[in-house]
Amino acid sequence: MIAIIKRELKAYFSAPTGYIFLAGFFIFSGVFLYLCNLIYATADMSELYSLLFTLSLLLLPLLTMRLMSEEKKQKTDQLLLTSPVSLSGLVFGKFLAAFLMYMIGLSITLIYALVLAVYTSPGWAMVFGNYIGLAFVGGAIIAIGLFISSLTESQVVAAIGTYAAVILVLMIDLFAAYIPIDFLSTALMSLSFFNRYSEFTLGLFNLEHMIFFFSVYAVFIFLTVRILDKKRWN
Amino acid sequence: MIEVQSLSKRYGSNKAVDNISFTVNDGEILGFLGPNGAGKTTTMNILTGYLSSSSGNAKINGIDVLEDPIRAKKEIGYLPEQPPLYPDMTVKEYLSFIYDLKKCTLPKDSHLAEICSLVKIENVYTRLIKNLSKGYKQRVGLAQALVGNPRVLILDEPTVGLDPKQIIEIRTLIKSLGKNHTVILSSHILPEVSAVCDRIVVINKGKLVADGNPEELSKTLSADHRLTVRIEGNERNIYSLLTSIPNVNAVRCLGEKEAGAFDFTVEADEGKDIRRELFKRLSERGMPLLYSKSMEMSLEDIFLNLTGEGQAE
């Protein structure tokens, strides 16, 4: 698994993808810091993190689109699937590599918080709450993107599919609001990423929300393993 | 040792591999021969755990590929038809990745150096794979199969797309690897298997149609009922003598190949050996037999015969 993580991290930086992702993350988060904090001379980073939530959803498909599709296209999946590595180890390694890249991007916000802390406290509980909330949501999008990438040989199709999934995830709250049947509306709301993420931003660490996100990771990693395994049995 | 028993693979109603069984002994180089689409790659993919079989089983050194795939895969080095290379990596990075992927325990630097020297890629060790020639890419593919020193090598059309010089080099390399490994080599190129392999398994339309060494196959299929002979004497007398031999059903003169001597092909009924009777009659008539040869089939003839393509033509 460590070999897979190292290989994936190397792949991000041997193509423009990794640089575009990190540059996008750093530039936009810098702009958001300027617009939300520096102009108004405030240390409250909640507005910045709120914008980063949307930015993460837009940039994450860049990280996941090639994870499995490129292996299929280059026929290197044959190498991975005939190596003495378990399918779950292989898929989890890819998931962790993308997650690590995301965390590198996200870590810039901690530096911003440290800079702001020189002048006044940025409200560390809120900062860590936002940081962890974004990590949980990002992980879920990565797991979904990884699964979609395993369905196709085309990076473009994988990216478009992941964007569609992201839009669907964002619209769950909207659908839920328009459904007149209570239990359906509640059921849909319980799947809302944004709803659960919002509680983290308040500095509240709800175990139920953590379990929800871990379950999303587990389900989509499992489905990706099944897709790879299905190829053997077809 | 590789043991394949009653292996089948279905894709819907199509049987890509149909109940094939064979064994490859330790230190043997087996040629897996068949026309395109015969089921060679599917069989190899099952052996390496890339595909599952619909029925039957495959064992690598006694380990069932389906029951214990990770242990079985540790025993195998696999070079697919298209080498599985990452173009964005250097050869060094790639082989290092394979080393980690296979969880090798051999000393890394010396093991990789040994492989590079064996497949002659030391001079491109630090170059990006995407910048290598087809021949070098094939060698790097072979190098990755050798990482971890697996006892079994499965090579799917390893010389496809190479120039003649590279083909000879790769063949020589495979031949030398056969001294320490059990090798299955698939090909549809006949001279390749005859030059490299100890034994040949011929597969056609998913079925195993022949198993033996090249000489055995030739002998089995040609038998002794077809002869080419050179006899000194009068052409017409020779012809009438040959046609008078019991069970002979076709005689054809090939012309005067030496002064006063003619070449003939003599074909008897299948399973009938006419050599003794021919010798006896010629000696009675005082006609010297200068040359006699069973018409052994070339490997190409065998292949066409077994795969039915010769009949189609």
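Refer to the structure above for everything that follows.
What follows concerns the overall build of chain B. A count of helices and strands for chain B gives twelve helices and 14 strands. The C-alpha atoms of chain B give 25 Å as radius of gyration, which overshoots the globular expectation for 313 residues (20 Å, by more than 25%). Each principal axis of the C-alpha distribution contributes one length, and for chain B these read about 75 × 45 × 30 Å. A buried classification covers 50% of the 313 residues belonging to chain B. Approximately 14,300 Å² of chain B is accessible, and the part contributed by carbon and sulfur atoms is 47%. On chain B, the mean spot of the 39 positive side-chain charges and the mean spot of the 41 negative ones are 3 Å from each other.

Attention shifts here to the nonpolar core. By size, the foremost hydrophobic cluster in this structure holds 140 residues, and its most contacted members are A:Tyr102, A:Phe193 and B:Tyr94. The element best represented in this core is helix H8 (residues 124–149) of chain A, accounting for 15 residues. The contacts of A:Tyr102, once residues within four sequence positions are left out, are A:Phe21, A:Phe25, A:Ser56, A:Leu60, A:Leu63, A:Leu134, A:Ala135, A:Gly138 and A:Ile142. Counting residues in hydrophobic clusters, the runner-up holds 17 residues, among them B:Val229, B:Ile238, B:Phe264 and B:Val266.

Each strand in a sheet pairs with its neighbour through backbone hydrogen bonds, running either in the same direction (parallel) or in the opposite one (antiparallel). All names here are of chain B. One open sheet accounts for six strands, arranged S6-S7-S8-S3-S9-S10; its pairing is mixed. Each edge of the open sheet carries a strand with a single partner, namely strand S6 (76–79) and strand S10 (207–212). Going across the sheet, the axis of each strand differs from the next one's by a mean of 15 degrees, ignoring polarity. Relative to strand S8 (residues 182–187), strand S3 (residues 29–33) is paired through five bridges, and the arrangement is parallel. By the bridge assignment, Leu33 is partnered in S8 with Ser187. Most of the contacts of helix H1 (residues 40–47) go to S8, to which it runs at about 150 degrees, and overall it touches S3, S6, strand S7 (152–156), S8 and strand S9 (199–204).

Residue and element names in this part refer to chain B. Side chains Ile76 and Tyr78 of S6 all project onto a buried face; the interleaved residues Gly77 and Leu79 project onto the opposite face, where all are buried too. Pairing geometry for S6 and S7, over four bridges, is parallel. By the bridge assignment for S7, Ile76 is matched with Val152.

Rules used in this analysis
In this numbering scheme, every chain counts its residues from 1 along its sequence in written order. Working convention: letters from A go to chains and numbers from 1 go to ligands, in the order in which they are written. A pLDDT threshold of at least 70 governs which residues receive local features in this predicted model, and a stricter bar of 80 or more applies before side-chain atom pairs are shown or counted, although totals over entire chains, interfaces and linings include all residues. As a rule here, side-chain values cover all heavy atoms of the structure and leave hydrogens and water aside. Strands here mean DSSP runs of E at least two residues long; helices mean DSSP runs of H or I at least four residues long; both are numbered from the N terminus. C-alpha atoms define the radius of gyration in this analysis, and the globule rule sets the expected value at 2.2 Å times the number of residues to the power 0.38. Between buried and exposed lies partly exposed: a residue is buried under 20% and exposed over 50% of the maximum accessible area for its type, with that area taken using a 1.4 Å probe on protein chains only. A 1.4 Å probe and the Shrake-Rupley method give the accessible areas. Residues count as covered only by the protein chains that appear here. In this tally Asp and Glu are treated as negative and Lys and Arg as positive; neither His nor the chain ends contributes. Where a charge lies is defined by one atom per residue type, namely NZ (Lys), CZ (Arg), CG (Asp) and CD (Glu). Within this scheme, the nonpolar core is defined by two criteria: the residues are buried Ala, Val, Leu, Ile, Met, Phe, Trp, Tyr or Cys, and they are joined through side-chain atoms within 4.5 Å. By definition in these notes, contact holds between two residues if any of their heavy atoms fall within 4.5 Å. At least two DSSP bridges between two strands are needed for those strands to be called paired. Inter-axis angles, ranging from 0 to 180 degrees, are taken between N-to-C directions of lines fitted to C-alpha atoms, where helices are fitted over the stretch in contact.

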